[in-house]
Amino acid sequence: MGKFRDIQDFVRLSRDSRDLDALRNLIEDTTRTFGFRYFLISHHVNVLGPNVVQLSNYPEDWSNAMRKKSQFAVDPVVRACQKTAVPFLWSEVGRVISLSTAQKDILDGASRAGIGAGFSVPVHIPGECTGSGSFAVASGRSLDEATIPSVNYVAAFAFEAARRLLLRTDKLNFDVDALPGLTERQLDCIVLMAQGKSDWDAGRILGISQRTVQEHLDTARRRYGVGSRAQLIVRALFDNQIGFQDLIHT
Amino acid sequence: MVYAISHANRFQFAHELDTMFRDRKRVFVDRLKWDVPVVDGIYEKDQFDTQDATYIVSASPASGDHQASLRLIPSLKAHMLRDVFHSLCEDGVPVGPDIWEMTRICLSPSLGRAEAREAFGRIWLGALEFGLDQGITVMTGLTHGPMFSNILAAGIDIEPLGPTKLFEGLPYAALQTRISAKVLERDRVRLNEPGRVLSYHPLIAAAA
């Protein structure tokens, strides 16, 4: 069984990975030491291209089926990662989001494809769409929860190693510098608006006038170059300037 | 302007420190809801803000208002990893004359995202310069697990010191980063900052 020393080795080796294949093998070796059969380290986007982090050893059939059905958008793990910053067991995903029938089917389908019990670590980097690292044992095996406090590091360090490899080849399509600079105050106003608060309510909560709230939102819209407040919310969410958890956990 | 503010030169930076402790309250208490002590209702100060602490502070050249800061404490003195979070270190808390702890990284809520990133880059370089001035080779620290990716994405090579542990439902991690002239050189290039950013004295603008 893996020891914390294996994680420290992984941290050092992942930093020096020459390419994505070497990194993929390294992740596989390290996670197997801890009893995990499958992993998936990825940004959450439906388009699988070379321009986002996407490393996995999931069964081919399962990955293809998910892609074909365009189920990525309803994937319960993806949804849950957008709502929390804390690692969670798949068996407890129902505590993070309420599962629809379609989402329960996905979890059952994964199990039939050989992917057993697992856990996921959300990865939120400002200016990029949400990502995660997931680790699973083979179907029928039991997951040793004592490994999670060590293995969860693999998600963050593997994700970063992959980002650096992609950035080096200019393949990562996120340009943080191109993000409109919004102040914390403007973000506060967007979050309150997205929670359904009126400008007047938002002003009361923030201790500023209704007029000032309106000005903050107008400035933010101009910085994004969008006409409506709905577009502003969508863009701020997509860019991770605000999170779903800001809007839902009120 | 980036300053190293310690017990010895603190009187020259009364405004910078005042606005720093106010911003720390706004960020850590009001925004992040940390359960940490508040002094006079407006300052966030804890038991480790003592005469042993040195603050690396980026302040507005015009107003002296705090923009970004972090706290450095010698590991031979009372500090968070040794006194509160030692269970996070698998092989014991790293302690020695060349090891200091970095905590309370705070970016002023009044900065935009791009400004905040630049201000963070300045205090990071300032901390490296201070570290090399003092013969520091290792900076330790701790973080919530979820912040880990942010630190890595900021370009800092961190090493975890032990498995994460849950405190009040959040996974915490102890970590360290090794510093050297080489790291400073690399990060100056990365952050597009050719020369030294750190000063121990208020800089008085030359008359035109």
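Anyway, here's the lowdown on the structure attached to this text. In this text, all values refer to a predicted model and were calculated from it rather than measured experimentally.

Rules and cut-offs
Residues numbered from 1 in each chain as written. Chains lettered and ligands numbered in written order. Predicted model: local features only at pLDDT ≥ 70, side-chain atom pairs only at ≥ 80, totals over all residues. Heavy atoms only, no water. Helix = DSSP H or I, 4+ residues; strand = E, 2+ residues; numbered from the N terminus. Expected span 1.5 Å × (residues − 1). Contact = heavy atoms within 4.5 Å. Buried area = accessible area lost by both parts, 1.4 Å probe. Salt bridge = Lys/Arg side-chain N within 4 Å of Asp/Glu carboxyl O. Core = buried A, V, L, I, M, F, W, Y, C linked by side-chain atoms within 4.5 Å. Buried < 20%, exposed > 50% of the residue type's maximum accessible area, 1.4 Å probe, protein only. Pairing = 2+ DSSP bridges.

1. Regarding helix α3 (residues 113–134) of chain B
In a regular helix each residue adds 1.5 Å, so 22 residues correspond to 32 Å; α3 of chain B covers 31 Å between its end C-alpha atoms and thus fits that length. Count one or two residues on from α3 of chain B and you reach Gly135 of chain B, which has phi positive near 75°.

2. Details of unusual backbone geometry
Residues and elements named next belong to chain B. Residues other than glycine seldom take positive phi values, yet Asp40 does so here, at roughly 55°. Along the polypeptide, Asp40 turns up in the loop between β2 (38–39) and β3 (43–44). Positive phi outside glycine occurs at Glu168, with the angle close to 50°. With respect to the helices and strands, Glu168 occurs in the loop between β9 (165–167) and β10 (170–178).

3. Observations concerning the interface of chain A and chain B
It is common to report an interface's size as the accessible area lost on association of the parts. Contacts between the two partners involve 30 residues from chain A, matched on the other side by 30 residues from chain B. Between chain A and chain B, the buried area comes to about 2,400 Å², and carbon and sulfur atoms account for 55% of it. Together, Phe4, Tyr153 and Glu184 of chain A form the three largest contributors to the area buried by chain A at its contact with chain B, with a combined 23%. Seen at the junction of chain A and chain B, the total is three salt bridges. Asp188 of chain A is paired through a salt bridge with Arg31 of chain B; the nearest N and O atoms lie 3.0 Å apart.

4. A look at the nonpolar core
Grouped together as the largest cluster of nonpolar side chains are 66 residues, with contacts concentrated most on Ile27, Ile41 and Phe135 of chain A together with Ile56 and Phe148 of chain B. Here the element with the most residues in this core is helix α6 (residues 148–168) of chain A; it accounts for 13 residues. Setting aside its immediate chain neighbours within four residues, Ile41 of chain A contacts Ile27, Val53, Gln54, Leu55, Ser132, Gly133, Phe135, Ala155, Ala158 and Phe159 of chain A. Ranked by size, the runner-up nonpolar core spans 23 residues in total, among them Met20, Phe48, Leu81 and Val93 of chain B.

5. Quick notes on the sheet that holds strand β4 (residues 115–123) of chain A
Residues and elements named next belong to chain A. Read across the sheet, five strands follow the order β2-β1-β5-β4-β3 without closing on themselves; strand pairing throughout is antiparallel. Either end of the sheet is taken by a strand with one partner, and the two such strands are β2 (54–56) and β3 (88–89). Bridge count between strand β1 (residues 38–43) and strand β5 (residues 131–138): six bridges; the pairing is antiparallel. Within the sheet, the bridge partner assigned to Phe39 lies in β5 and is Phe135.

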